[in-house]
Amino acid sequence: MAERFRVVGGSALRGEVQVWGAKNSALKLMAAALLAVGRTRLTNVPAILDVTIMAELLRRLGCTVDYDAAAGVVEIDVPEQIGHRADYDLVRALRASTAVLGPLVARTGSADVAIPGGDAIGSRGLDLHAAGLEALGAQVHVTHGFLVAEAPSGLDGADIRLEFPSVGATENVLTAAVLARGTTRLENAAREPEIVDIAAMLSSMGARITGAGTSVIEIEGVEALAPTEHAVVADRIAAGTWAFAAVATRGDVEVVGGVPEHLAAALELVRASGAEVVTTARGFRVDSGGRRPLAFDVATLPYPGFPTDLQPFALAANAVADGSAMITENLFEARFRTVQELNRLGAETRIDGHHVMVHGVERLSGAPVEASDIRAGAALVIAGLVADGVTTVSGAQHIDRGYAGFAEAMQGLGADVTREPDDVPFV
Ligand code: UD1
């Protein structure tokens, strides 16, 4: 049954909150497990629906997958013979399913992956993924809604330059090139910590990779890879969510498990808002000193720039900040859905192309709103905390895709956030 979050405004978040492994890494690591026959074990896996969907995809390919969500462990047993098709029902439910493209072509010489289509944050093509695989010698075409990549006699290393440092395309080239003949040099590669994480896992499987985390990655193909055990990198987006939640609510939060080095651009803006950020033994702490945030400008960029996934939180914090801010979205065309919902809560904003001007108000005013995606949903719950009265955020399932136990984590920080069925009238 559809559920929503019910938020009673007024409380500053105080205390500590735990972050787990990154959703955006765990899903790719699960796909990468396909590269080796045998049992790969992943730990620090978050307890979210997306992992369940990726597990189902791997099962349909012939793997045995055990997911112990409470323990944060996924074990994937990959047989000698695997399938090569990712169906539309799964790709539609989980866009990151496209991460099986590289491993499937490399392992089986063929991949049929349904094309995801547009989603709430923009059109998001696969052209760079396809171009990367073509450069490695695969024949790629689109038929009946599937991207089909074929390399019956294997892949060959190549020099590839991505037009844009796409995270997903970098991952698919990497997971294809590890089993290609010869050396691949990937220029203008994405530099996200999740790329470093997948490269570390592949290396522990026997892959030869240098330069992950920089713009140039070199991969020397090997004959075969072996299964491994790997702990998923900390979720920097979840960690950043709590940092901006502390700023917006004038709170004081220790983010246990957060890695401040992965959030340098975001934490610089947290400081610009007037909050203090300190590294602790277990993560980092954001202390607003109980003060209203100062407005701060944001422009999203590929890593190490400010992450687009944190843009809705910067928007929520600026909605109640002292002053005016300009938020610029450079990665996704339609990622301003939060804005209309924030306006329903009394935010003062104006959209102009890929910019939003936000004029901070002292407090927002509670109302029913709707989550359009994971981050927008979580940002609206935070906005509800700085609104008078009650805010309900419909579409709880979106938030569940990115945050394990979001309401419980909020309650642990002193907030009045609960779940309720979405079919009762708003009061
Ligand atoms: C990943 C993250 C997502 C994050 C994004 C950018 C996962 C599951 N998702 O998405 O949360 O917001 O990185 O940090 O890891 N593009 C093309 N053609 C392509 C590939 C990308 O035009 O072939 C465009 C996209 O439409 C988008 C931009 O490039 O405008 C960035 O996309 P990309 O870096 O590939 O993001 P994802 O890997 O999809």
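What you see is a predicted model; the values in this text were computed from it and never measured.

1. Description of the environment of Glu 80
Thought 1: Examined against the element boundaries, Glu 80 turns out to sit in the loop between strand 5 (73-78) and strand 6 (85-86).
Thought 2: Along the primary structure Glu 80 and Glu 333 are separated by 253 residues, whereas in three dimensions their C-alpha atoms are 42 Å apart.

2. A few points about the sheet that holds strand 8 (residues 139-143)
Thought 1: The four strands are arranged 6-7-9-8 in an open sheet whose pairing can be described as mixed. Of all strands in the sheet, those with a lone pairing partner are strand 6 and strand 8, marking the two edges.
Thought 2: Both strand 7 (residues 110-114) and strand 9 (residues 146-150) contribute to a ladder of five bridges, which runs antiparallel. Among the inter-strand pairings, Ser 110 is bridged to a residue of strand 9, identified as Glu 150.
Thought 3: Helix-sheet contacts for helix 4 (residues 101-108) involve strand 6, strand 7 and strand 9, and the interaxial angle to strand 7 is about 155 degrees.

3. Focus: the site of the ligand
Thought 1: The full set close to the ligand counts 19 residues, and Asp 127, Leu 128, Ser 166, Asp 309 and Leu 331 are the nearest of them.
Thought 2: Note that an oxygen atom of the ligand is positioned 2.7 Å from one of the side-chain N or O atoms of Lys 28.
Thought 3: In the environment of the ligand, an oxygen atom lies 2.6 Å from a nitrogen or oxygen atom belonging to the side chain of Ser 166.
Thought 4: For the shell around the ligand, the secondary-structure elements that each account for two or more residues are helix 1 (23-32), helix 5 (127-135) and helix 6 (167-177).
Thought 5: When residues of the shell around the ligand are assigned to their parent elements, the largest contribution, three residues, is made by helix 5.
Thought 6: A breakdown of the residues in the shell around the ligand according to their chemical character gives seven nonpolar, six polar and six charged.

4. So, the UniProt feature "binding site: UDP-N-acetyl-alpha-D-glucosamine" (unreviewed entry) in the protein
Thought 1: Mapped onto this numbering, the UniProt entry annotates "binding site: UDP-N-acetyl-alpha-D-glucosamine" (unreviewed entry) at Arg 95, Asp 309 and Leu 331.
Thought 2: Examined against the element boundaries, Asp 309 turns out to sit in the loop between strand 18 (298-299) and helix 10 (311-319).
Thought 3: Aside from chain neighbours lying at most four places away, what touches Asp 309 is Asn 24, Ile 237, Arg 335 and Arg 375.
Thought 4: Tracing the backbone through its elements, the reader meets Leu 331 in the loop between strand 19 (324-328) and helix 11 (337-344).
Thought 5: Overall, Leu 331 belongs to the partly exposed group, its relative accessible area being 27%.
Thought 6: Residues within four places of Leu 331 in sequence aside, it is in contact with Phe 164, Thr 300, Leu 301, Pro 302 and Thr 308.

5. With respect to the domain arrangement of the protein
Thought 1: Partitioning the protein into domains gives domain 1 (3-19 + 234-421) and domain 2 (23-231).
Thought 2: For domain 1 and domain 2, the distance between their C-alpha centroids amounts to 30 Å.
Thought 3: Counting from both sides, the interface comprises 22 residues of domain 1 and, opposite them, 19 residues of domain 2.
Thought 4: With both sides pooled, the region where domain 1 packs onto domain 2 buries about 1700 Å², and carbon together with sulfur makes up 54% of that total.
Thought 5: Sorting the residues of domain 1 by area buried against domain 2 places Tyr 303, Phe 332 and Arg 401 first, and these three jointly supply 33% of that buried surface.
Thought 6: Here domain 1 is connected to domain 2 by two salt bridges.
Thought 7: Close ionic contact of Asp 50 with Arg 401 constitutes a salt bridge, the shortest N to O distance being 2.9 Å.
Thought 8: Applying the counting criterion to the domain 1 and domain 2 interface returns four residue pairs in polar contact (both at pLDDT 80 or more).
Thought 9: Of the residues contributing to the side of domain 1 that touches domain 2, the split by class is nine nonpolar, three polar and 10 charged.

6. Thoughts on the nonpolar core
Thought 1: In terms of nonpolar packing, the biggest core is built from 79 residues, with Ile 76 and Leu 202 touching the most fellow members.
Thought 2: In contact with Leu 202, other than residues within four places in its own chain, are Ala 32, Leu 35, Leu 174, Thr 175, Val 178, Ala 207, Ile 209 and Leu 225.
Thought 3: Leu 13, Ala 275, Ala 314 and Val 356 belong to the second-largest nonpolar core, a separate cluster that totals 70 residues.

7. Digging into the pairing of strand 4 (residues 64-68)
Thought 1: Bridge count between strand 4 and strand 5: five bridges; the pairing is antiparallel. Its bridge partner being in strand 5, Thr 64 is matched across the sheet by Asp 77.

8. Topic: the pattern of salt bridges
Thought 1: Counted under the stated rule, the structure contains 31 salt bridges.
Thought 2: Taking the shortest distance from any N to any O, the salt bridge between Asp 287 and Arg 285 comes out at 3.7 Å.
Thought 3: It is possible to trace a salt-bridge network through shared partners that takes in Arg 39, Arg 41, Asp 66, Glu 75, Asp 77 and Glu 229.

Parameters at a glance
- Residues numbered from 1 in each chain as written.
- Predicted model: local features only at pLDDT ≥ 70, side-chain atom pairs only at ≥ 80, totals over all residues.
- Heavy atoms only, no water.
- Helix = DSSP H or I, 4+ residues; strand = E, 2+ residues; numbered from the N terminus.
- Pairing = 2+ DSSP bridges.
- Contact = heavy atoms within 4.5 Å.
- Axes fitted to C-alpha atoms, helices over the stretch in contact; angles between N-to-C directions.
- Near = heavy atom within 4 Å.
- Polar contact = N/O pair within 3.5 Å; in protein donor to acceptor, adjacent residues only side chain to side chain.
- Nonpolar A, V, L, I, M, F, W, Y, C, P; charged D, E, K, R; others polar.
- UniProt positions renumbered as here; feature names shortened; annotations may be inferred.
- Buried < 20%, exposed > 50% of the residue type's maximum accessible area, 1.4 Å probe, protein only.
- Domains from an automatic or database assignment.
- Buried area = accessible area lost by both parts, 1.4 Å probe.
- Salt bridge = Lys/Arg side-chain N within 4 Å of Asp/Glu carboxyl O.
- Core = buried A, V, L, I, M, F, W, Y, C linked by side-chain atoms within 4.5 Å.

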